[in-house]
Amino acid sequence: MDFELWLKKLADFLVVAGVPPEQGPIVALGLVFLSITLLSLLLVLLLLRKNFRSKDVQAEISEELISEETEPVDEETGLVTETEEEQVPAQVEVEEVPVVEPSRPPVELSDDESASLFQRMQQGLAKTRSSLVGRMDALLGSHARFDDEFLEELEEILITADFGMQSTQELVQALTGRLKEVDQHEPGQLHKVLGEEIRARLKTGRTEWPVPDSGPLVILVVGVNGVGKTTTIGKMAKQFADQGKKVVLGAGDTFRAAAAEQLEVWGTRAGAEVVRHTEGSDPGAVVFDAAKAAVARKADVLILDTAGRLHTKVNLMEELKKLRRIVDREIPGAPHETLLVLDATTGQNALIQARMFQEAVEVSGIALTKLDGTAKGGIVVAINSQLEIPVRLIGVGEGVADLRPFDADEFVAALFANN
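**Q** Give me the lowdown on the packing of aromatic side chains, citing residues and values where you can.
**A** Taken as a whole and judged by the stated rule, the model has 3 aromatic pairs. Aromatic side chains tryptophan 209 and phenylalanine 240 sit 5.7 Å apart centroid to centroid with 50 degrees between the ring planes, which places their arrangement in the tilted category. Note that tryptophan 209 is positioned in the loop between helix H7 (187-200) and strand E1 (217-222) and phenylalanine 240 in helix H8 (residues 229-242), a separation of 31 residues in sequence. Each member of the pair, tryptophan 209 together with phenylalanine 240, is buried. Across from the ring centre of tryptophan 266, 4.5 Å away, lies the NZ or CZ of arginine 269, which sits over that ring. Positioned over the ring face of tryptophan 209 is arginine 392, at 4.0 Å from the centre of the ring.

**Q** Give me the lowdown on helix H6 (residues 165-176), citing residues and values where you can.
**A** In this model H6 runs 16 Å from its N-terminal to its C-terminal C-alpha over 12 residues, within 8% of the 16 Å that 1.5 Å per residue would give. When we look at burial in H6, the residues that qualify are Ser167, Thr168, Leu171, Val172, Ala174 and Leu175. End-on view of H6: buried residues confined to an arc of 165 degrees, all on one side of the axis.

**Q** Could you give an account of the pattern of salt bridges, naming the residues involved and the relevant values?
**A** Enumeration over the complete set of coordinates arrives at 19 salt bridges. Among the ionic pairs, glutamate 197 bridges to arginine 178, the shortest N-O distance being 2.9 Å. With glutamate 197 in helix H7 and arginine 178 in the loop between H6 and H7, this residue pair connects regions lying 19 residues apart in the sequence. If you follow the salt bridges from partner to partner, you end up with Glu170, Arg178, Glu181, Lys192, Glu196, Glu197 and Arg201 in one network.

**Q** I'd love a proper account of unusual backbone geometry, names of residues and values included.
**A** Leaving glycine out, the prevailing phi sign among residues is negative, and the prevailing peptide bond configuration is trans. The omega angle of the peptide bond from alanine 334 to proline 335 is -5 degrees, so this bond is cis rather than trans. Within the secondary structure layout, proline 335 lies in the loop between helix H11 (314-330) and strand E5 (337-343). We note that glutamate 362 has phi near 55 degrees; this positive angle belongs to a residue other than glycine. Along the chain, glutamate 362 turns up in the loop between helix H12 (348-361) and strand E6 (365-369). Glutamate 362 gets classed as exposed once you look at its relative accessible area, which sits at 55%. Look at lysine 370: it is not a glycine, yet its phi comes out positive at around 65 degrees. Position of lysine 370 relative to the elements: it lies in the loop between E6 and helix H13 (379-386). What makes lysine 370 partly exposed here is its relative accessible area of 33%.

**Q** Mind laying out the nonpolar core, listing which residues take part and the relevant values?
**A** With 101 residues, the main nonpolar core has Ile198, Ile303 and Leu368 as its most contacted residues. Excluding its chain neighbours within four sequence positions, the residues that come into contact with isoleucine 303 are Ile219, Val221, Ile233, Met236, Ala237, Phe240, Val247, Val248, Leu249 and Gly250. Counting residues in hydrophobic clusters, the runner-up holds 7 residues, among them Leu10, Leu14, Val19 and Val32.

What counts as what
- Residues numbered from 1 in each chain as written.
- Predicted model: local features only at pLDDT ≥ 70, side-chain atom pairs only at ≥ 80, totals over all residues.
- Heavy atoms only, no water.
- Phe/Tyr/Trp six-rings, centres within 6.5 Å; stacked < 30°, edge-to-face > 60°.
- Helix = DSSP H or I, 4+ residues; strand = E, 2+ residues; numbered from the N terminus.
- Buried < 20%, exposed > 50% of the residue type's maximum accessible area, 1.4 Å probe, protein only.
- Lys NZ or Arg CZ within 6 Å of the ring centre and 35° of its normal.
- Expected span 1.5 Å × (residues − 1).
- Arc of directions from axis to C-beta.
- Salt bridge = Lys/Arg side-chain N within 4 Å of Asp/Glu carboxyl O.
- Core = buried A, V, L, I, M, F, W, Y, C linked by side-chain atoms within 4.5 Å.
- Contact = heavy atoms within 4.5 Å.

Rendered as structure tokens:
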């Protein structure tokens, strides 16, 4: 049956159904065109659906993981429901990325270089020093004796510098018993006594990274949005590479636009291989492949980035536990260090974050960034004295060398330097 005959039969049917005879052929032709259009759209939708299903995004991965460059989502939005049975993502072949070996072996710092690093520490703590020591000296000048009013105002200064209520009360109580040692006309004596009390409440983290029995050292880096996780990872990778170590980076932040690209830039600087997947893919698959790649390449260090998340989202925090289980299956005992990155400028909120992450993923160390951008460096003391988590690294500037191992003696010396 040819098309014209079929069209004529359709037109006759439409006339019988009530369409005016003169309009029957036109309406029949319109119905044919509409049917072809709908079939075409249906075919396109089927193809798109098939394409989306081909992606390796797992059902348990949260669509709420939010960009470091956007505001946190409303806490009333929906949460991801974890599946009861966790499955290890299928291995995806990792593209070979050439590893650039360091051009020179590590060298010992000279006295001049060590002095320069300490000067950068002083500069980084300049705002805190001005807020704490400067106001304390002004307080000394405005009081004739160490009375209750003096101690009350000193307490206010310490709280303003984010020492926290518990640490502040401990410091003021300790100072009250030692003020007889202080000449009120010699501010340096009060600096010395307060510095000693601060030092007594600081716990210095390990000076060396853990040494695994076999395989690479695995560092899992976690934290909320915008604290500087990726930058911290890049600086760590560069420092490891400068020590002659072979480094692999896992781009587990698959939900922030250009996160993997940012990590690749740091990887290029450090001569480190970066294992990544497409944007929006399963972070668990990235961790799985990064672990496989680190073992296959005989890397010394594997650093895993993770997507930023709200520390109050229970289901999202559960995903970090899943990542830990995956890497432990591939490299027994890993991660050897779970490093929480905190932004010093957020003050007491950083303390809350540390407590929540510690409960979820057994944080073993803290990297405190942006100390150079705040007058509230007392958060170092608050974290050390209130939580059993050592501050591992501190950031006192933009340079790679400005990410420093935390040293309590150096911190106190820089805080009261030139005063």
